[in-house]
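# Notes for the structure review
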Amino acid sequence: MAKMNLLQAINNALITAMTAEEKVMVFGEDVGHFGGVFRATSHLQEKFGKGRCFNTPLTEQGIIGFANGLASQGAYPVAEIQFGDYIFPAFDQIVNETAKWRYRSGGQFDVGGLTIRTPYGGGISGGHYHSQSPEAFFAHCAGLKVVIPRDPYQAKGLLLASIRDKNPVLFLEPKRLYRASIADVPEEDYELPLGKADLVQEGTDITLLGWGAQIEILQKAAEMALDDGVSCEIIDLRSILPWDAEAVINSVMKTGRLLINHEAPLTGGFASEIAATIQEKCFLYLEAPITRVCGLDTPYPLAHETEYMPDETKTYEAIKRSLHY
Amino acid sequence: MAKMNLLQAINNALITAMTAEEKVMVFGEDVGHFGGVFRATSHLQEKFGKGRCFNTPLTEQGIIGFANGLASQGAYPVAEIQFGDYIFPAFDQIVNETAKWRYRSGGQFDVGGLTIRTPYGGGISGGHYHSQSPEAFFAHCAGLKVVIPRDPYQAKGLLLASIRDKNPVLFLEPKRLYRASIADVPEEDYELPLGKADLVQEGTDITLLGWGAQIEILQKAAEMALDDGVSCEIIDLRSILPWDAEAVINSVMKTGRLLINHEAPLTGGFASEIAATIQEKCFLYLEAPITRVCGLDTPYPLAHETEYMPDETKTYEAIKRSLHY
Amino acid sequence: MEDRNHLGKIKTTNRVEVIGNGLIDIPMLQLLKPDGSEHESAQLPELDKTLALKIHDTMEYIRILDERMVAAQRQGRISFYLASTGEEAAAVASAAALSPNDMIMSQYREQGALAFRGYTTDQFMNQMFSNKADPNKGRQMPIHYGDKALNFMTISSPLGTQIPQASGYAYGQKMAGNEAITICYFGEGAASEGDFHAGVNMAAVLNCPVIFFCRNNGYAISTPSEEQFAGDGIASRGIGYGVKTIRVDGNDPLAVFAATQEARRIALAEMCPVLIEAMTYRLAAHSTSDDPTGYRSRDEEDKWRAKDPIARMANWLTHKGWFDEKQNKAKVDQARQDVLAALKVSETIPICGIEEIVEDVYDSVPWHLQDQLTSLKAHIKQYPKKYPKTSGSVR
Amino acid sequence: MEDRNHLGKIKTTNRVEVIGNGLIDIPMLQLLKPDGSEHESAQLPELDKTLALKIHDTMEYIRILDERMVAAQRQGRISFYLASTGEEAAAVASAAALSPNDMIMSQYREQGALAFRGYTTDQFMNQMFSNKADPNKGRQMPIHYGDKALNFMTISSPLGTQIPQASGYAYGQKMAGNEAITICYFGEGAASEGDFHAGVNMAAVLNCPVIFFCRNNGYAISTPSEEQFAGDGIASRGIGYGVKTIRVDGNDPLAVFAATQEARRIALAEMCPVLIEAMTYRLAAHSTSDDPTGYRSRDEEDKWRAKDPIARMANWLTHKGWFDEKQNKAKVDQARQDVLAALKVSETIPICGIEEIVEDVYDSVPWHLQDQLTSLKAHIKQYPKKYPKTSGSVR
Ligand SMILES: Cc1ncc(C[n+]2csc(CCOP(=O)(O)OP(=O)(O)O)c2C)c(N)n1
Ligand SMILES: Cc1ncc(C[n+]2csc(CCOP(=O)(O)OP(=O)(O)O)c2C)c(N)n1
Ligand SMILES: [Mg+2]
Ligand SMILES: [Mg+2]
């Protein structure tokens with residue numbers, strides 16, 4: 001065990017993966033000698049050579065195109081997109097290529113070795129283009145897995161599992177927590193399961209569901225609610241696609257109430273899918289409408305960042321509304 | 001009035017718009033002399049000159065980038081993307097640029113004059129890459145309007161409104177109906193409102209909601225249900241973003257049941273947003289869970305196209321399940 | 001850290017020099033004249049009779065396949081086809097210069113390369129009829145071939161995407177220490193996509209052993225190349241990327257062979273990309289959905305008909321004394337019959353069972369797809385007539 | 001229909017010629033030596049004293065602004081800054097060659113162009129403090145300036161996107177019959193994006209009067225240009241697109257001015273794009289989030305410090321007898337004071353009211369955003385301490 005922040009945990013996971021498997025290769029803008037603008041890839045080039053950790057030219061569509069080809073050849077590319085906001089030039093390569101590669105070839109070829117890492121989310125005064133949470137865009141794309149860790153321990157275990165998973169994985173890192181979240185992380189190799197939610201806190205009155213950096217928001221709101229005597233169950237979804245509906249269904253059958261929180265804008269955010277599914281599966285168990293506490297339907301604003309965020313007070317108020325429905 | 005198919009109605013709308021306003025310019029791959037692979041832009045180059053209707057090089061990101069710049073200059077570009085499946089290389093230009101242009105400049109600059117036209121949807125033996133329904137990807141993107149007509153009359157009126165709307169509009173054309181749907185269309189200039197749903201058929205037992213080519217599927221299913229004595233209300237959403245929640249809420253408050261049908265894959269499709277919103281707004285009125293009849297969560301398959309489609313029998317069965325819940 | 005100097009090799013001038021055409025001429029390699037006779041000064045590649053005949057026969061086979069399948073589409077037997085008429089040399093003779101270990105990532109008009117590798121008529125048919133004998137499981141439109149055993153990556157429709165992918169594939173081959181390269185085919189239209197820029201530049205910077213093979217056939221559907229770019233073809237771009245470049249007469253099979261052989265040699269020896277621009281002409285319609293009479297003249301086409309690569313090769317073979325008219329006729333007749341026969345068999349083979357609709361989305365079928373399959377099967381059982389192709393096999 | 005011949009201008013060869021470096025040398029225009037003295041043979045552009053001093057003073061102003069704002073960021077007064085130190089000539093002298101009607105679409109390191117157009121210190125500050133005096137309403141990070149009155153398009157962070165946009169804007173200017181062009185600035189890193197390829201190619205084919213102005217400053221954050229491309233800079237690409245191209249010493253204000261003037265003349269006269277590659281060096285850190293000591297040597301930086309464009313201009317002005325050391329010192333001192341004073345004022349101006357959070361998403365506020373605003377306002381009223389910047393003004 002060692003104390004690590006989220007960046008260190010990711011760096012450690014990459015070292016672990018590259019040590020165990022020669023075909024793991026890490027690349028992207030500035031990830032080489034410099035170690036990436038957040039330093040998630042520090043020292044990898046030194047340790048593993050320029051062939052396995054390198055800078056690419058500044059082209060996200062190229063990075064993912066290249067990574068797709070490399071993965072189809074049998075390697076395990078771990079491609080970094082410098083900010084989640086800059087993943088959109090690669091959208092075609094991801095949605096039309098990565099996600100459909102195996103299916104279109106009848107399983108003859110695949111890019112299962114591919115992992116795309118990218119920091120996402122706001123709360124760092126990043127404005128429009130250093131704050132977006134793009135998970136829902138990819139959740140509508142069959143063939144991908146989408147994974148988001150909430151802390152250093154989860155980050156290492158989920159990233160190792162993602163790299164080794166036989167499917168392409170988009171791994172979104174909550175950059176607000178990069179240095180803020182510190183935890184004990186095993187130095188040895190371990191994996192956490194993809195597609196499985198994690199029960200963060202048991203409770204009986206309402207289920208609070210989220211992922212990534214919003215889990216700590218849910219925890220804060222749950223504490224506020226506890227003062228009112230409300231017992232919240234908190235679930236970290238961890239995998240957005242495929243997602244663990246069963247875990248959510250079981251919890252909602254117990255609590256009768258569901259609140260989903262994400263930073264991305266409300267309309268068409270992934271909370272909508274969860275709400276749509278759960279209202280169907282738990283129709284007779286729901287004691288109040290499923291509530292979504294999400295970002296506004298605007299581009300991410302800089303000056304009004306605090307107001308924009310689905311924070312703990314907004315969550316707490318929504319919990320109360322749900323309970324008093 | 002003249003009988004027109006959907007392509008003719010679109011062609012007619014373009015001629016109407018270009019005649020009325022000099023700054024309307026139409027471009028894209030093969031749209032010039034040839035008139036587009038579907039011939040939606042036939043004769044425009046002849047009529048209005050090469051400066052106002054022209055071929056572009058084969059680059060969707062370039063087409064939309066160019067269109068963004070042209071719109072910001074004050075023109076009304078109508079950019080064609082040859083197939084909806086090929087809009088993804090332009091995703092960054094649309095999501096990060098088109099949608100955020102006005103907001104990021106505090107309203108100093110905008111690309112409100114922009115309209116993007118593209119054929120979408122399956123049922124034409126097009127397989128993976130000539131069949132996709134990408135509306136949900138754009139519905140999660142504040143700043144855009146997304147519009148889908150169901151027939152030639154709607155197409156002309158909505159397209160004219162889209163071109164003249166002060167906001168960028170993504171106009172998705174149901175290509176399965178291009179030649180199949182024929183209707184009386186006024187030869188004069190008219191507009192239909194954006195953001196407003198259209199009541200296609202009144203009914204009392206269940207609300208069937210859809211858009212584009214799926215409206216005729218809903219109509220067929222409603223007929224089947226009528227034989228069982230079930231009265232279906234059919235709503236064509238027409239605008240996916242912003243969408244007319246009020247119309248849906250009012251209908252569901254009356255019928256107590258909602259079924260949403262779209263061709264796009266289920267998970268993260270726009271039905272999820274509708275279901276999430278309606279379960280909240282109509283919680284106490286719903287007599288059964290909101291049902292989604294959608295495409296499967298797979299890439300669009302060629303050989304199994306018939307099986308993949310959310311057709312009238314699947315819809316009819318879902319109506320029955322809802323009524324017998 | 002060593003000092004860098006990005007101005008190291010740049011000279012200065014004191015006058016405003018506007019570089020208009022700053023390229024040296026990029027000439028087009030031609031070994032055979034359009035009539036099939038050798039250019040006097042031409043140095044021909046080593047090419048034995050067997051290989052020469054294989055190139056010729058493959059081109060002829062593809063010509064026949066294309067004709068038949070266009071006809072089959074007109075008869076409504078397949079939904080779509082895309083012929084390579086007039087461009088056979090570009091695909092076939094380039095593939096002939098490769099090793100079978102080399103990966104082919106193609107656009108869609110390179111059926112000749114696939115046939116050269118040994119793809120059988122049955123395989124072509126099964127793909128086009130989307131039947132269950134096709135390893136691609138009928139999931140894509142006709143002509144989206146792919147065959148792992150032949151190192152031919154399954155084709156996808158979005159244009160240009162295979163270009164950076166080929167760079168990545170080649171990088172993987174290099175890292176694995178394989179004595180193999182990747183060839184990436186694309187049209188001059190596709191070369192306008194951003195992916196072209198990204199892929200070629202990355203290959204240059206990251207030293208990927210890949211051949212970028214552009215078929216410049218003058219058209220992208222209806223768009224002529226002068227509305228596609230304003231520079232000197234695609235070859236002129238390679239130079240801007242620092243990529244070695246060869247322009248070749250795409251209708252001259254020997255020149256294409258020689259150029260590709262040299263490109264492959266360089267790619268492997270120097271671990272670098274090489275760009276080939278093959279100048280040719282799309283004599284066929286873009287696809288069976290297209291009608292070129294709307295955008296080009298018959299006369300223009302005729303000029304290119306006169307440059308037919310197959311006749312050119314046949315003439316050369318004849319000069320060499322390697323061509324037996326009668327034998328060739330027999331082969332042609334046989335091929336016609338084979339295609340027809342295979343077509344007849346293939347169209348009766350059923351499509352995959354309904355389970356396949358959810359396979360291969362992931363390596364295994366996740367819960368939600370399992371659920372969707374279960375409902376779908378129940379529904380098909382309820383409405384067997386609505387789903388005639390699968391209801392028979394639903395258990 | 002007229003016959004087309006896409007091989008019209010192409011010669012043939014009978015030997016396999018691999019074009020390695022097929023470019024004629026693209027030299028770099030330099031009018032002033034690094035010490036500011038004129039090259040003997042140099043033909044200087046017409047430049048009167050007023051304009052020459054304006055160029056110099058603007059560069060100096062920007063140097064001061066950059067220094068101050070980097071310091072302000074260190075003090076935690078603004079969240080982010082991005083300096084253009086060492087590259088002032090590229091932005092300022094190119095802007096000086098334009099008409100105020102020309103549209104500027106910039107990347108983010110061209111504050112010099114904006115200052116030249118007349119953007120005031122207050123305007124700079126208001127943008128950087130995201131306060132309500134900024135017409136961009138504080139919605140983007142510092143340095144994302146934009147000003148409609150000055151024909152300076154609001155900057156957005158995604159790299160390269162402005163390149164095809166500039167082509168479109170210029171096309172609009174042409175169609176409207178304006179006597180104006182668009183200039184599009186970008187870095188050599190951004191030139192790797194697919195949008196670069198798309199934008200330059202489209203401008204060439206569609207005859208757009210646009211100047212593509214590339215600042216090749218050797219780095220994209222930590223990535224040196226040799227890991228960005230393998231060709232002869234960015235200039236070599238222009239030629240492949242059939243775009244007239246000028247390479248210029250980006251640290252020579254007179255050369256930049258002359259090159260841009262000529263480019264503008266050509267763009268308007270011939271209705272075509274012109275590409276300028278300005279060779280310069282990013283002496284500053286990439287931004288206040290960056291520390292270049294991790295990837296380049298102090299020694300390398302020092303070599304470029306010696307090529308300072310401001311000193312070069314000052315020396316030339318001195319040779320001309322146009323430079324008054326004392327007056328200059330006074331201006332510099334004044335600028336320092338102005339910046340500090342404006343900063344102090346600006347940081348006290350509040351941000352926009354909460355209504356603005358939903359404005360400008362559309363031309364008017366749709367129902368769902370109205371609902372979201374209503375809830376948000378109610379929530380802010382309930383938790384005023386949590387939202388100190390807006391709670392005061394919520395009604
Ligand atoms: C990204 C994308 N955009 C558009 C299309 C539609 N499309 C199919 S083929 C084609 C023309 C391609 O021309 P070229 O690359 O020159 O190849 P050729 O057909 O001449 O062999 C177009 C526009 C596509 N398949 N993919
Ligand atoms: C699409 C996109 N990808 C990545 C980034 C992150 N980023 C910001 S600046 C930069 C380097 C740009 O280098 P260059 O274009 O050479 O300009 P310079 O900073 O040297 O002026 C990068 C990678 C971005 N802003 N946009
Ligand atoms: Mg072509
Ligand atoms: Mg740079």
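These numbers come from a predicted model, not from an experiment. (Residues numbered from 1 in each chain as written. Chains lettered and ligands numbered in written order. Predicted model: local features only at pLDDT ≥ 70, side-chain atom pairs only at ≥ 80, totals over all residues. Heavy atoms only, no water.)

### Notes on the site of ligand 1
Neighbouring residues of ligand 1: 22 residues in total, closest Glu60 of chain B together with Tyr108, Arg109, Asn217 and Tyr219 of chain C. Chains contributing residues near ligand 1 are chains B and C. Here an oxygen atom of ligand 1 sits 2.7 Å away from a polar atom, N or O, in the side chain of Arg109 of chain C. Residue classes in the shell around ligand 1 are distributed as 9 nonpolar, 7 polar and 6 charged. (Near = heavy atom within 4 Å. Polar contact = N/O pair within 3.5 Å; in protein donor to acceptor, adjacent residues only side chain to side chain. Nonpolar A, V, L, I, M, F, W, Y, C, P; charged D, E, K, R; others polar.)

### Let's talk about the pairing of strand E5 (residues 115-120) of chain B
All names here are of chain B. Among the 6 residues in E5, 6 count as buried, and that is most of the element. Note: strand E4 (residues 76-80) against E5, 3 bridges, orientation parallel. Looking at E5, one finds that Val78 is bridged to Thr115. In this structure, E5 lies alongside strand E7 (residues 169-174), joined through 6 bridges in parallel fashion. Each bridged residue has a counterpart across the sheet, and for Arg117 the counterpart in E7 is Phe171. (Buried < 20%, exposed > 50% of the residue type's maximum accessible area, 1.4 Å probe, protein only. Helix = DSSP H or I, 4+ residues; strand = E, 2+ residues; numbered from the N terminus. Pairing = 2+ DSSP bridges.)

### Looking at the domain arrangement of chain A
All names here are of chain A. Taken domain by domain, chain A holds domain 1 (2-185) and domain 2 (198-323). With 28 residues of domain 1 at the interface, the matching set in domain 2 holds 26 residues. Roughly 2100 Å² is buried in total at the junction of domain 1 and domain 2, and carbon and sulfur atoms are behind 56% of that figure. Where domain 1 packs against domain 2, one counts 3 salt bridges. Asp198 is the salt-bridge partner of Arg150, the closest N and O atoms lying 2.9 Å from each other. At the boundary of domain 1 and domain 2, one finds 17 residue pairs in polar contact (both at pLDDT 80 or more). Put simply, the parts of the chain that give the side of domain 1 that touches domain 2 at least two residues each are helix H6 (135-139), strand E6 (145-147) and helix H7 (152-164). Broken down by class, the residue content of the side of domain 1 that touches domain 2 amounts to 14 nonpolar, 10 polar and 4 charged. (Domains from an automatic or database assignment. Contact = heavy atoms within 4.5 Å. Buried area = accessible area lost by both parts, 1.4 Å probe. Salt bridge = Lys/Arg side-chain N within 4 Å of Asp/Glu carboxyl O.)

### Some remarks on the environment of Val31 of chain A
Residues and elements named next belong to chain A. Note on placement: Val31 falls in the loop between strand E2 (24-28) and helix H2 (44-48). For the pair Val31 and Thr207, spaced 176 residues apart in the sequence, the C-alpha separation amounts to 39 Å. Leave out the neighbours within four places in its chain, and Val31 touches Val26, Gly36, Thr41, Cys53, Phe54, Asn55 and Glu80.

### Section: the coordination of the magnesium ion (ligand 4)
All names here are of chain D. Coordination of the magnesium ion (ligand 4) by the protein involves Glu188 (OE), Asn217 (OD1) and Tyr219 (O), with metal-donor separations of 2.1 to 2.2 Å. On the primary sequence, the residues serving as donors to the magnesium ion (ligand 4) are separated as E-x28-N-x1-Y. With Glu188 in the loop between strand E4 (182-187) and helix H6 (194-205) and Tyr219 in strand E6 (residues 219-220), the pair connects residues that are 31 residues apart, well separated along the chain. A single burial state applies to Glu188 and to Tyr219, both of which are buried. (Donors = N, O, S within 2.8 Å, 3.2 Å for Na, K, Ca; no water.)

### A few points about the domain arrangement of chain C
Its domain assignment divides chain C into domain 1 (26-346) and domain 2 (354-391). Domain 1 of chain C and domain 2 of chain C are separated by 38 Å when their C-alpha centres are compared.

### Quick look at a nonpolar patch on the surface
On the surface, Met253, Leu284 and Tyr285 of chain A together with Tyr325 of chain B cluster together into a nonpolar patch covering about 440 Å² of accessible area. Within the element layout of this structure, Tyr285 of chain A appears in the loop between helix H10 (270-281) and strand E14 (291-295). (Patch = residues over 30% accessible without salt bridge, like charges linked within 9 Å, V, L, I, M, F, W, Y side chains within 5 Å. Areas by Shrake-Rupley, 256 points an atom, 1.4 Å probe, with all protein chains shown as cover.)

### Digging into the side chain of Asn68 of chain B
When you line up the elements, Asn68 of chain B lands in helix H3 (residues 60-72). Polar contacts involving the side chain of Asn68 of chain B include one to the side chain of Gln93 of chain B, which spans 3.0 Å.

### Description of the coordination of the magnesium ion (ligand 3)
Four donors placed tetrahedrally about a metal ideally form angles of 109.5 degrees, and six donors placed octahedrally ideally form angles of 90 or 180 degrees. Residues and elements named next belong to chain C. Here the magnesium ion (ligand 3) is held by Glu188 (OE), Asn217 (OD1) and Tyr219 (O), and the distances to it run 2.1 to 2.3 Å. Look at where the donors of the magnesium ion (ligand 3) fall in the sequence and you get E-x28-N-x1-Y. There is no split in this pair, since Asn217 and Tyr219 are both buried.

### A word on the side chain of Gln173 of chain D
The residue Gln173 of chain D is located in helix H5 (residues 162-175) in this model. On the basis of relative accessibility, which here comes to 2%, the residue Gln173 of chain D falls in the buried class. Ignoring any residue separated from it by four or fewer positions in sequence, one finds Gln173 of chain D in contact with Gln73 of chain B together with Asn101, Met103, Asn178, Ala180, Ile181 and Thr182 of chain D.

### Things to note about the site of ligand 2
The full set close to ligand 2 counts 22 residues, and Glu60 of chain A together with Tyr108, Arg109, Asn217 and Tyr219 of chain D are the nearest of them. Neighbouring residues of ligand 2 are not confined to a single chain but are spread across chains A and D. The side chain of Tyr86 of chain A places a nitrogen or oxygen atom 3.3 Å from a nitrogen atom of ligand 2. The contact in question runs from an oxygen atom of ligand 2 to an N or O atom on the side chain of Tyr108 of chain D, over 2.6 Å. For the shell around ligand 2, the per-class residue count stands at 9 nonpolar, 7 polar and 6 charged.

### Structural notes on the sheet that holds strand E13 (residues 258-265) of chain B
The strands that make up a sheet pair up through hydrogen bonds in the backbone, lying either parallel or antiparallel. Residues and elements named next belong to chain B. In space, the 5 strands of this open sheet follow the order E9-E11-E10-E13-E14, with mixed pairing throughout. Taken across any chain shown, the strands that pair with only one partner, and hence form the sheet edges, are strand E9 (198-201) and strand E14 (291-295). Going across the sheet, the axis of each strand differs from the next one's by a mean of 25 degrees, ignoring polarity. Where E9 and strand E11 (residues 232-236) come together, 3 bridges link them in antiparallel fashion. Looking across to E11, one finds that Gln201 is bridged to Ile234. Across the sheet, helix H12 (residues 312-323) is in contact with strand E10 (206-210), E11, E13 and E14; its angle to E14 comes to roughly 165 degrees. (Axes fitted to C-alpha atoms, helices over the stretch in contact; angles between N-to-C directions.)

### Details of helix H9 (residues 245-255) of chain A
Every buried residue of H9 of chain A is listed here: Ala245, Val248, Ile249, Ser251, Val252 and Thr255 of chain A. Buried residues along H9 of chain A sit in contact with strand E10 (206-210), strand E11 (232-236), strand E13 (258-265) and H10 of chain A together with helix H12 (367-382) of chain C. At the C-terminal side of H9 of chain A, Gly256 of chain A shows a positive phi close to 80 degrees.

### Section: the sheet that holds E11 of chain A
All names here are of chain A. The 5 strands lie next to each other as E9-E11-E10-E13-E14, forming an open sheet whose pairing is mixed. Two strands lie at the open edges of the sheet, namely strand E9 (198-201) and E14, each paired on one side alone. Between one strand axis and the next, the sheet turns through 25 degrees on average, direction left out of account. Against the sheet, H9 engages E10, E11 and E13, with an angle of about 175 degrees to E11. Docked against the sheet, H10 engages E10, E13 and E14, running at close to 155 degrees with respect to E13.

### Thoughts on the interface of chain C and chain D
Taken together, the 80 residues of chain C in the interface contact 79 residues of chain D. A buried area of about 6500 Å², summed over both sides, lies between chain C and chain D, and 59% of it is on carbon and sulfur atoms. Three residues, Arg4, His6 and Asn14 of chain C, lead the burial of chain C against chain D; their summed loss comes to 12% of the area buried on that side. At the junction of chain C with chain D, the criterion picks out 6 salt bridges. One salt bridge in this structure joins Lys11 of chain C and Asp25 of chain D, with 2.2 Å as the shortest N-O distance. Counting every contact that joins chain C to chain D gives 36 residue pairs in polar contact (both at pLDDT 80 or more). Here the side of chain C that touches chain D gets 6 residues from one element, more than from any other, and that element is helix H6 (residues 194-205) of chain C. Looking at side-chain class alone, the side of chain C that touches chain D contains 32 nonpolar, 28 polar and 20 charged residues.

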